[in-house]
Structure formats: C-alpha cells, structure tokens
Amino acid sequence: MNYSTLLTEVKNGTCIVTINRPDKLNALNKQVFTDLENVIDYINSDSEIKSAVLTGAGDKAFVAGADISEFASLNRKEAEELSRRGQMIFFKIENSSKPIIAAVNGFALGGGCELAMACHFRLCSTNAKFGQPEVNLGLIPGYGGTQRLTKLIGKGKSMELHMTGNFMNAEEAYHYHLVNYVTEPEELLNKAFELIKSIHSKAPVAISKVIHAINAAETENGNNGFEIEINGFGDCFETEDLKEGASAFMEKRKPVFKGK
Ligand code: COA
C-alpha cells in the first residue's frame, strides 16, 4: 500500500513504519492520521506481518507533535472531534493484536509523545527528547497524554511535565520507565529488531492475549483484567501452539509455532 506521509517496508515479518514529514519534524497532520489508521489496519490484516516498528524520518525527530498549523482555524466542536479521532487511532495502536514498538529517534513531543506511549513499548536513541509542551500554546494534550503519561511515569512527574512543558532527555525517560532501552542513534533499529526476533519466536496467539490482558490492567472502564487474563489463558489452551510449546519443552527441543 502507498501512504503519502508514511514510508513502509516489510522485513522478516516486521512492518517498519516511518512517519515521513522530516521538514516539519514529522508533525501529525490530518493526512498522517488517515495514513496511520490505514497502516494499522493493514498490519493487523496481513498474515505475512507479525509486528511493527514505528519511527520518524530524519535524524532529529520521531514526531514533534500535532501539526500546530492546523489548529488556528478550529472551533470547539472541531477541536473535540480532532481529539476524539486522535484518541481512536491511538487506541487502535494500543489494542493491535500484533506488537507495535516505538523506536523514538529524536523529539517525541505532544502528539509524538502520545503516539509513542500508545505503542506497546518504547526504546529511544540518546538524542531523544520527550514532553507534553501543549501548555506553551495555551492547550492540553488531546490524544491521551494526560492519561498514558500518568500511568507510565506516575502522577507527580506527569503533573510537572504537563505544567512546565519541560522536556525529558533519554536518560530521564529511562529512569522514569517511559522507555525500556536507550541506544546510540545508529543502533536503535537493530535493538528493536533484536527484541522483535525474540517475540517472533513465540506463539502469536499467546502474544496477542498478553497484549489484551496487560492493556486491561490499565483501563478503568469496568474491564476486569483478571477475568480477561483467565479468558486469554483459556483461549491459549485451544491452540495447537500451546500443545507444541509444552511438547517441545518436555522433549527438550525448540518449539515450531504456527500461529494457530
Ligand atoms: N507542528 C507544525 N510544524 C512543526 C511542528 C509542529 N508541532 N514542530 C516543528 N514544526 C516545523 C517548524 O515550524 C519548522 O518549519 P519551517 O522550517 O517551515 O519553519 C520545522 O518544523 C523545523 O522546526 P524548528 O522549530 O525550526 O526546529 P528547531 O530545531 O528549532 O526546534 C522543536 C525543534 C521541536 C523544539 C520545535 O520545532 C518545537 O517546539 N515544535 C513544537 C513542539 C510542540 O509544541 N508540540 C506540541 C504540539 S500540540
């Protein structure tokens, strides 16, 4: 598929999605949202694809936020619609049954930080900077930032970052568990592929159930994460992959998973 604001490449079962507006530091405009929504659907529907990595074009930014140039003309209703649409697309990423990892290669500000946080986990390069600087514009985040940053780094630090608009560097982001790994810029994708290689060697149904159950631990909409874990545990017992995994362990060999 072709996307006017994204580059995509499928390599060893991983779809590498690069947000490609480097002259605007990959800011999220309406077209990026449309393309992101379509690419997530494609990733989840194509059986050749087992995972995705999200990154930004150029060596400066992952995504420097929502495209501020689209803000000036919005009235309240349109602003709420934009926020709702952004949240819907980011929920789609968060609830993807295939793993989606953010490889943050520079600025991840505002909507960029929110996009990275919607991914299942994050790694970043040493030049990464994270923040929710919307207050500088007289605004608050609209794509889930107040919620996800608070859950990931805790209330006090989230309050501070949202109120000051200050940026976190890579070291601080690691300290506050916003990212799992920090690498040199040229090593970022290699580190992502190393982790993905490990994930690809596991049973895909089990991976999708893990995503579902862990996401349920974070929602407060009446979902009972423990019940979802019980269901997912039961679902795995209906797969051939579980029989294969258990047999392989007993026979002291590597399992060969088929995704069913
Ligand atoms: N929306 C629209 N355009 C953006 C953008 C955004 N969020 N972030 C950067 N750009 C554009 C700049 O306008 C500039 O375009 P131009 O060359 O046509 O003037 C280009 O990207 C390069 O950005 P610039 O500001 O010149 O780079 P810098 O290295 O001096 O500063 C940042 C980098 C990230 C600190 C700065 O661009 C910035 O503060 N961006 C906005 C961050 C933000 O508030 N995000 C939340 C939005 S809700």
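Residues numbered from 1 in each chain as written. Predicted model: local features only at pLDDT ≥ 70, side-chain atom pairs only at ≥ 80, totals over all residues. Heavy atoms only, no water.

Novice: Just to check I follow, could you spell out the packing of aromatic side chains for this structure?
Specialist: Note on aromatic pairs: each is described by the distance of the centres and the angle between the planes. Under the criterion given, the structure shown has 5 aromatic pairs. Plain terms: the ring middles of Phe90 and Tyr143 are 5.7 Å apart, the flat faces sit at 75 degrees to each other, and that makes the pair edge-to-face. Of the two residues, Phe90 sits in helix 2 (residues 76-94) while Tyr143 sits in the loop between strand 8 (129-131) and helix 4 (145-153), which places them 53 residues apart along the sequence. Between Phe233 and Phe237, the aromatic rings sit 5.2 Å apart at their centres with planes inclined by 50 degrees, giving tilted as the arrangement. (Phe/Tyr/Trp six-rings, centres within 6.5 Å; stacked < 30°, edge-to-face > 60°. Helix = DSSP H or I, 4+ residues; strand = E, 2+ residues; numbered from the N terminus.)

Novice: What exactly am I supposed to notice about the side chain of Asn29 here?
Specialist: Of note, Asn29 is situated in the loop between strand 2 (14-19) and helix 1 (30-45). The exposure class assigned to Asn29 is buried, which follows from its relative accessible area of 13%. Beyond its immediate stretch of four places on either side in the chain, Asn29 contacts Thr5, Arg21, Asp67 and Glu70. (Buried < 20%, exposed > 50% of the residue type's maximum accessible area, 1.4 Å probe, protein only. Contact = heavy atoms within 4.5 Å.)

Novice: Looking at this structure, how should I read the site of the ligand?
Specialist: As a structural note, the neighbourhood of the ligand is formed by 17 residues, with Lys24, Lys60, Ala64, Ala66 and Ile68 the closest of them. A distance of 2.4 Å separates an oxygen atom of the ligand from a polar side-chain atom of Lys24. Contact with the protein chains hides 60% of the accessible area of the ligand, taken as 870 Å² for the molecule alone. A breakdown of the residues in the shell around the ligand according to their chemical character gives 10 nonpolar, 2 polar and 5 charged. (Near = heavy atom within 4 Å. Polar contact = N/O pair within 3.5 Å; in protein donor to acceptor, adjacent residues only side chain to side chain. Areas by Shrake-Rupley, 256 points an atom, 1.4 Å probe, with all protein chains shown as cover. Nonpolar A, V, L, I, M, F, W, Y, C, P; charged D, E, K, R; others polar.)

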